[in-house]
Amino acid sequence: MTRILDFSNVELYYDHVHALRGVSIHVEQGETVALIGANGAGKSSILRAITGIRPITSGEINYNGKRINGMKACDIVPLGLSMVPEGRRVFPFMSVRDNLMMGAFTRHSKKEIRETLDMVLGRFPRLKERYHQPAGTMSGGEQQMLVIGRALMSRPKMLLLDEPSLGIAPKLIQDIARSIVAINRDEKVSVLLVEQNSRMALKISHRAYALTTGTIALSGKSADLAKDERVQKLYLGGEV
Amino acid sequence: MKVKPHTESGLKTWVGLAALVLAMGLFYFGIPALIAQNPEVYSRYYTTLSGIALLSMASAGVWLTFYIGRINIGQGVFCLFGAYISGILVVNYGMNFWYSAIWAGVICSLLSFLIGLPILRLRGVYFAMVTLISTQVATLVVQNLAITKQGRSFALPPPAALTLPGTDIVVIPAFTLEGAAVGFYFAAITLMILTFLGLYRLVNSRIGQLCKSLQQNEELASSLGVNIVWLRLVAYAISCFVGGVAGAFYGAQQANLNVSLFTVQDSVNFLLYCFMGGLNYVVGPLIGTITLRLGWDQLSPTGEYQLAIYALALIILMFILPNGLMSLVEEGKKWFIRPNHRQKLQSMSAQKPVKTVAKSAAKKRPKTAAKTAPKSNKGRK
Amino acid sequence: MEQVIANGLFTGAQYALIALGLTLIFGLMNVLNFAHGQMFVLGALFAYTIFNHIVELGWFLGMTPWLANILTFMVALVATLVFLAFVGALFERFLFRTVIKRSSRDESTMLLAAATAFLLDALLPMKHVFGELSHSLPALIEGSFSIEQPWFSDTPFYMPYSKVFIGGLALFLIAGFMAFMQYTKPGRAMRALAQDKIAAQLMGVHVDRFTMLGFALGAMLAGGIGALIVTITNIGPTAGSSFSIKAFIMVMIGGAGVVGGAIAGGFVLGMMESIVPTLLAPYDLANLSDLIIFAALMIFLSFRPQGLMGKPWG
């Protein structure tokens, strides 16, 4: 297996807040990796650093052997790295179709886009029902499906998911978890998943990192982590 | 997060007081002395400077609305109304000018309650636009009323003497035609200094703190039990009061009112003065007005190029100091504080690489790496 | 009555185009472009100048006057569109982008926009630019369309052919712009950018590039409508700010940053400007109509700040 993402020794500041303190993580080709941890531990900062929304202070981010830190967010997408941002961020006044087409913004072949569109609509039939509806009028779960579908429209090799279960009905969380697994398996897309719902994250990932205040506290196979008593205590809501 | 030396607030008070004394000395004695050097040439500066002082008052009002988080492009309304209210009271009802100016302010702030109740709910551009439109409405109102003579020339007498009520003791002597410029100069700078002192006091009071919280987050402020509707109304009313009084004096100084005394252009200008001065400082509007207005005045010999040069200068200023002239002060402060701050940052990051051990121990016993690192960090913060 | 409505529609179509450009720039950059009216005037006078320079060529080629006029006008219109797009792009690239990046407050762009408006106000009337006089083009097509006995009124209905032509062109431009925004990739990218800047970046949209395109398009629409209106009425080099204010009003009526709203706002204001004076005329109050329109709008906006179809936000 080859490393698709190598995130080494990264420091990141928000003004004077030290959000990442020398964090190193990596993702192998075809792997699903979860980042778990409390609010403000720096999980989302890692994704923001990878996608270039936030510049890093020091360290290095390599994707597919190419150094991507310092690149603009819009130049990173065409490399096959696609992000599902936190809080869904659909384009609320655009139709589902237009939202999906925005996902394919960096691609040019009409035929291939059509194929991907069919794939996405096949995976999320709900989106087909709402095809011409403005995205802002859909429920939270549907919007989450839409943003995942939108991210898939760019035919990514790697998908970054930021809190996909946040503010979504419990029943739909199952659906979304299932579709993440399916995407990873069927489309051969590596996944880096940031989640506060650690139980779900550990269930669907191969490996995981646990973060505390900007550093990696624990890491290992998800199955092992799920059994670890510290993890149970801190992240899975076991008895204290 | 800013690193503040303990003495800063004390220092600030002293610097502020010294600046105030200096400024008062300059305005009351320095400038008259300079003008006395060559009265034929320089005496026109009395008029220019009193204009600037009055406009800076109006800008102070705009600044105050900024302080509650509203972009106000409607100060021209209250300046125009203030000028006409005072003018009408003096000419049609024979009121003493000095009282009429106060009435102008009072009526303007009453009016601002009426307008403010609905429009202060608006935010951002919406408030800006509605106030911009309101200036246009004010212009049209003045143009269509008989009492304002349709906004055409409306002559005013120079202010009469102000006596203590019920006595003959003269507080302010009557202005003569020749002496009016000097008289208005002293009246205007006095008003200006009072306005800015009042504003400073207001901003540093409890109400000022509340206003600041409004600027940052209205929902939060209201959830803390602040009566934001009332607070905004009061701030807006004060702003309009100041605008009305400034307008009344400005009109009286011109001795002739017409509808183009304050137009949309002026409303925008007040905004520019505030921006140009800097929105984070009480004296911002004053600095902005002096710079831009005096600059504009000095450019008048360039004739048809005046506006072009002025506009270019504005654009260049925007490039050099996009956050206003007073941001220079901030730069200066940073320059003093930075060495300290930089040191701190360095000491923070120097220790970092040590604790990136997590990954290596990953596979089987994931607990190993958890321990000390986060704690030591917390301790240092 | 028909006359009033037709005039209202005609003015409304022109206004809608002005408002469209402004709302586009606002939606994309959160910039209130105070210089929008000046762009409009620049377009008008530029088209006027081009037209007068090349119209004789058509006559020289022996074309009938109306054909020569229309062809020349089309050339002038296209030249104006290109020129204004260029000016808009320059403004964005060298002025707004820099200031937005350097400033800590969004509102600073207002100052810059006002400064550019002053600059254009100062430059346009200069001797070597357009001079101080107002200009208008001669009627492109002679004659007019008229109905002696309209259905709802006693006075004959009357509409010059050139007004019909210009109105048609305006509608065509509106439709073209809407189609561009709705169905093309760059249009979609600009809509996305206006709705969520970060998400758009994550889709691979180059913010700078499309913001510049948006500003260029906005300026282009303003200039294009200037070119159209200069065939109907006199436009002076300093008329800009009054058009800016009107454009702001239209954008506010419809809802800031919403394309459909700008069009609605344009037609509403156009209609009001046509209908209100007619309604007031019998009472001898026609000169109050502006006041009434503005005051009504202020009241309307106070109670429905998001306009007809905008999103409530602040």
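Please read all numbers here as calculations on a predicted model, not as lab measurements.

Draft legend 1. Inspection of the overall build of chain A at higher detail. The helix and strand inventory of chain A stands at 10 helices and 10 strands. By the compact-globule yardstick of 18 Å for 240 residues, chain A fits well, its C-alpha radius of gyration being 17 Å. Seen along its three principal axes, the alpha-carbon backbone of chain A occupies a region of about 45 × 40 × 35 Å. With 240 residues in all, chain A has 53% of them scored as buried.

Draft legend 2. Layout of the pairing of strand 1 (residues 3-14) of chain A. Residue and element names in this part refer to chain A. By the bridge criterion, 9 bridges tie strand 1 to strand 2 (residues 17-28) in an arrangement that is antiparallel. Bridge pairing in strand 2 links E11 to R21. Between strand 1 and strand 2, which pair antiparallel one after the other, the connecting turn spans 2 residues, and D15 there sits at a positive phi close to 50°. As paired strands, strand 1 and strand 4 (residues 58-63) are joined by 5 bridges and run antiparallel to one another. Following the sheet pairing, D6 is matched in strand 4 by N62.

Draft legend 3. Looking closely at the interface of chain C and chain B. Taken together, the contacts link 40 residues of chain C with 36 residues of chain B. Of all elements in the fold, only helix 3 (65-102), helix 4 (108-123), helix 9 (240-254) and helix 11 (289-303) of chain C reach the threshold of two or more residues within the side of chain C that touches chain B. Its residues assigned to classes, the side of chain C that touches chain B shows 27 nonpolar, 8 polar and 5 charged.

Draft legend 4. Inspection of the sheet that holds strand 6 (residues 81-84) of chain A at higher detail. All names here are of chain A. Within the open sheet, the 6 strands sit side by side as 6-7-8-3-9-10. Their pairing is mixed. One side of each edge strand has no neighbouring strand; the edge strands of this open sheet are strand 6 and strand 10 (215-221). Neighbour to neighbour, the strand axes of the sheet diverge by 15° on average, direction disregarded. As paired elements, strand 9 (residues 207-212) and strand 10 share 6 bridges and run antiparallel to each other. Counted as the bridge partner of R207 is K221 from strand 10. In the packing of helix 6 (residues 140-152) onto the sheet, the strands contacted are strand 6 and strand 7 (158-162), and the crossing angle to strand 6 comes to about 170°. Contacting strand 3 (32-37), strand 7 and strand 8 (190-195), helix 7 (residues 170-186) crosses the sheet at an angle of about 160° to strand 8.

Criteria and thresholds
- Residues numbered from 1 in each chain as written.
- Chains lettered and ligands numbered in written order.
- Predicted model: local features only at pLDDT ≥ 70, side-chain atom pairs only at ≥ 80, totals over all residues.
- Helix = DSSP H or I, 4+ residues; strand = E, 2+ residues; numbered from the N terminus.
- Rg over C-alpha atoms; globule rule 2.2 N^0.38 Å.
- Buried ≥ 20, exposed ≤ 12 C-beta atoms within 10 Å, placed from the backbone.
- Pairing = 2+ DSSP bridges.
- Contact = placed C-beta atoms within 7 Å.
- Nonpolar A, V, L, I, M, F, W, Y, C, P; charged D, E, K, R; others polar.
- Axes fitted to C-alpha atoms, helices over the stretch in contact; angles between N-to-C directions.

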